[in-house]
There are 2 protein chains.
Amino acid sequence: MQTKQGNAADATGITGTTAAAIAADTAPRRPGRPSRPALTEEAIAKEALAIIDELGWAACTMKLLASRLGVRSPSLYHHIDGQHSLIDLVRILVVREFHDPAIVDMPWEDAFRTFGIGYYRAFARHPNTIQVLSTTPVRDGLTLEMYETFLRSMVDHGWDPSKAFEAMLGLEHLALGFAYEWNAEDLMLDPAYIANHGAPLLAEVTKERTDQAASAETTFMALLGRHIDMYRNNFDSP
Amino acid sequence: MQTKQGNAADATGITGTTAAAIAADTAPRRPGRPSRPALTEEAIAKEALAIIDELGWAACTMKLLASRLGVRSPSLYHHIDGQHSLIDLVRILVVREFHDPAIVDMPWEDAFRTFGIGYYRAFARHPNTIQVLSTTPVRDGLTLEMYETFLRSMVDHGWDPSKAFEAMLGLEHLALGFAYEWNAEDLMLDPAYIANHGAPLLAEVTKERTDQAASAETTFMALLGRHIDMYRNNFDSP
DNA sequence: ACCTGAACACCGTTCAAGT
DNA sequence: ACCTGAACACCGTTCAAGT
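Residues numbered from 1 in each chain as written. Chains lettered and ligands numbered in written order. Predicted model: local features only at pLDDT ≥ 70, side-chain atom pairs only at ≥ 80, totals over all residues. Heavy atoms only, no water.

Moving on to the UniProt feature "domain: HTH tetR-type" (unreviewed entry) in chain A. Under the feature "domain: HTH tetR-type" (unreviewed entry), the UniProt entry names residues 38-98 of chain A. Regarding residues 38-98 of chain A, the helix share stands at 64% and the strand share at 0%, and the terminal C-alpha atoms are separated by 29 Å. (UniProt positions renumbered as here; feature names shortened; annotations may be inferred. Helix = DSSP H or I, 4+ residues; strand = E, 2+ residues; numbered from the N terminus.)

Moving on, we get to empty space enclosed by the protein. Inspection of the entire model under this criterion finds one cavity of 30 Å³ or more. Looking at the largest cavity, it is lined by 44 residues, and the ones nearest its centre are Ile130(A), Ser134(A), Leu176(A), Gly177(A) and Ser134(B). Among the elements that line the lining of the largest cavity, the one with the most residues is helix H10 (residues 161-183) of chain B, at seven residues. Grouping the amino acids of the lining of the largest cavity by side-chain chemistry returns 26 nonpolar, twelve polar and six charged. (1 Å grid on protein atoms, 1.4 Å probe; cavity = no way out; pocket = protein on both sides within 12 Å on 5 of 7 lines; lining within 4 Å. Points joined across faces, edges and corners; volume = space filled by probe spheres on them. Nonpolar A, V, L, I, M, F, W, Y, C, P; charged D, E, K, R; others polar.)

With that settled, consider the interface of chain A and chain B. Taken together, the contact between chain A and chain B spans 55 residues of the former and 55 residues of the latter. Of all residues in chain A, the largest losses of buried area upon contact with chain B belong to Met188(A), Leu201(A) and Arg226(A), amounting jointly to 15% of the total for that side. For the interface between chain A and chain B, the tally reads two salt bridges. With its nearest N and O atoms 3.5 Å apart, the salt bridge here joins Glu166(B) to Arg226(A). Linking chain A to chain B there are 19 residue pairs in polar contact (both at pLDDT 80 or more). For the side of chain A that touches chain B, the elements supplying multiple residues, two or more each, are helix H8 (130-133), helix H9 (141-155), helix H10 (161-183), helix H11 (191-194), helix H12 (200-206) and helix H13 (216-233) of chain A. With 15 residues, the top contributor of residues to the side of chain A that touches chain B is H10(A). Residues of the side of chain A that touches chain B, tallied by class, amount to 29 nonpolar, 14 polar and twelve charged. (Contact = heavy atoms within 4.5 Å. Buried area = accessible area lost by both parts, 1.4 Å probe. Salt bridge = Lys/Arg side-chain N within 4 Å of Asp/Glu carboxyl O. Polar contact = N/O pair within 3.5 Å; in protein donor to acceptor, adjacent residues only side chain to side chain.)

What surrounds DNA strand C is a group of 25 residues, the closest being Arg33(A), Ser75(A), His78(A), Gly32(B) and Arg33(B). The share of sugar and phosphate among atoms of DNA strand C within 4 Å of the protein is 62%. Separating a base nitrogen of DNA strand C from a side-chain N or O atom of His78(A) is a distance of 3.3 Å. Listed by contribution, the elements that provide at least two residues to the surface near DNA strand C are helix H5 (73-76) of chain A together with helix H4 (62-68) and helix H5 (73-76) of chain B. Residue classes in the surface near DNA strand C are distributed as ten nonpolar, nine polar and six charged. (Near = heavy atom within 4 Å.)

This part takes up the environment of Asp105(B). Here Asp105(B) is to be found in the loop between helix H6 (84-96) and helix H7 (108-125). Separated by 47 residues in the primary sequence, Asp105(B) and Arg152(B) have C-alpha atoms spaced 9.8 Å apart.

Take the UniProt feature "DNA-binding region" (unreviewed entry) in chain A next. Following the UniProt record, one finds the feature "DNA-binding region" (unreviewed entry) at residues 61-80 of chain A. Within residues 61-80 of chain A, the helical portion is 55% and the strand portion 0%, while the C-alpha atoms at the span's ends are 14 Å from each other.

Quick look at the relation of the copies chain A and chain B now. Superposing chain A onto chain B requires a rotation of 180 degrees together with a translation of 0.0 Å along the rotation axis, leaving an RMSD of 0.0 Å. The relationship between the two copies is best expressed as a two-fold rotation axis. When the interface residues of chain A are mapped onto chain B, 100% of them again lie at the interface, so the same face is used by both copies. (Least-squares fit on C-alpha atoms with pLDDT ≥ 70 in both.)

So, about the protein's contact with DNA strand D. Close contacts around DNA strand D come from 25 residues, with Gly32(A), Arg33(A), Arg33(B), Ser75(B) and His78(B) the closest. Take the atoms of DNA strand D that sit within 4 Å of the protein: sugar and phosphate atoms are 64% of them. Arg33(A) is positioned with one of its backbone polar atoms (N or O) 2.6 Å from a base nitrogen of DNA strand D. The separation between a phosphate oxygen of DNA strand D and a polar main-chain atom of Met62(A) is 3.0 Å. Elements represented by at least two residues in the surface near DNA strand D include exactly helix H4 (62-68) and H5 of chain A together with H5 of chain B.

Residues and elements named next belong to chain B. Closest axis-to-axis distance for the helix H3 (residues 41-55)/H6 pair is 9 Å, and the angle between their directions is 80 degrees. Taken together, the axes of H3 and H6 lie roughly perpendicular to each other. Within the contact between the two elements, H3 uses Glu41, Glu42, Ile44, Ala45, Lys46, Ala48, Leu49 and Ile52 and H6 uses Leu86, Leu89, Val90, Leu93, Val94 and Arg96. Of the residues in the contact of H3 with H6, the class split is ten nonpolar, no polar and four charged. (Axes fitted to C-alpha atoms, helices over the stretch in contact; angles between N-to-C directions. Parallel < 35°, antiparallel > 145°, perpendicular 65-115°, else oblique.)

Now the structure itself:
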């Protein structure tokens, strides 16, 4: 089953099942324009997200990405505008997973909760995207639309736009922080390292946290609920 | 004033005033062990943080770092364990700026506020460190001590350790998110891009935000205060 | 239009040579 | 011990050549 082209993917221990991965297992491609294009922007973006999910963003090199798609790295430049454009494409894929225009019709408490949970869950599924996506300026229409939808949901139900924006950023940072903290491969606070480093309380609370990964969403939702209560209480007396 | 060694730093437009930068302006160094070491771990870390603050973490290459210190990049490996160890060293410098053991003697509300403000301010001064520091596991004693101090401050005043940890992570994510959002060179939500992209509410609330950078701390502190109220209200009825 | 191999500048890191 | 220049593997990107 091993081919010359599959070496980079094989080196990572990945045995893909996608069409792209299968393509990488076919015979080496010859130079010249193929009868049908081997790539699309969408396919490149999806494969990039898959690599980032599996191996982290740093592992998503043009070489590995191309290899997984059954082509050589220069081919990618015919479809995407260099590696930095992958950021926008990946963001669109993640935002698509939770963006829901229907929240504008809900009472703001429900909209806030639905938005927060969806946001959290999407990034909890793709924790390796957070480092880059949370620190790169937004440059796509879908993400703007997603933010606009949230603001509209709040403002149409009596919120001040600035307050809604402030609450949105707070919610976003909370969701991203928790999604990363509990779902990233490497825990920020590693119990193995903390043990015997003179921080007994920290050691105690992080001890069983590996098993608590499943309850991360519960923890986030508890905080989310408290936030909604907080905003409801301050609704008329800011 | 220009020398051969100064080219990398000069190319960035930086005219340093530190001892290190002055060293870079001296005559080229000859091979062989110098009479007195040209570098220390501390000096390397400080110069790295300066570069990161000015040009971003990606710009902090071994070559530029060495150039600014008046040596060649391989010399750095005699003092630090490769580039990844810079992360730990930079984290220590930032944490040092706000870590305050005295908070254990305060009422928990004061400790919470002091810790939160200090944490926010330190990272607001170094927003370019956030992307890397917030997503790299902690591997230094000072940072563990800083976390332990916060937990001790809460637990000694009646908090449940797990609840204190949860609150600590929430506060941390909020502080980091706001510190980045309002202080990073590139705004996540760039008013210039958002204008005329079909997101009127978002355009409205981000319009004047460049000028509001000064009020970022006020906004964060308002949210911090609401958080403290939230926790106080839930203190006996969780 | 779209893929390839060759080439280029850049990066982190290693290492023998020199003091 | 500690600095240097040379060398190595790797990366993103460009481009002429080929279909």
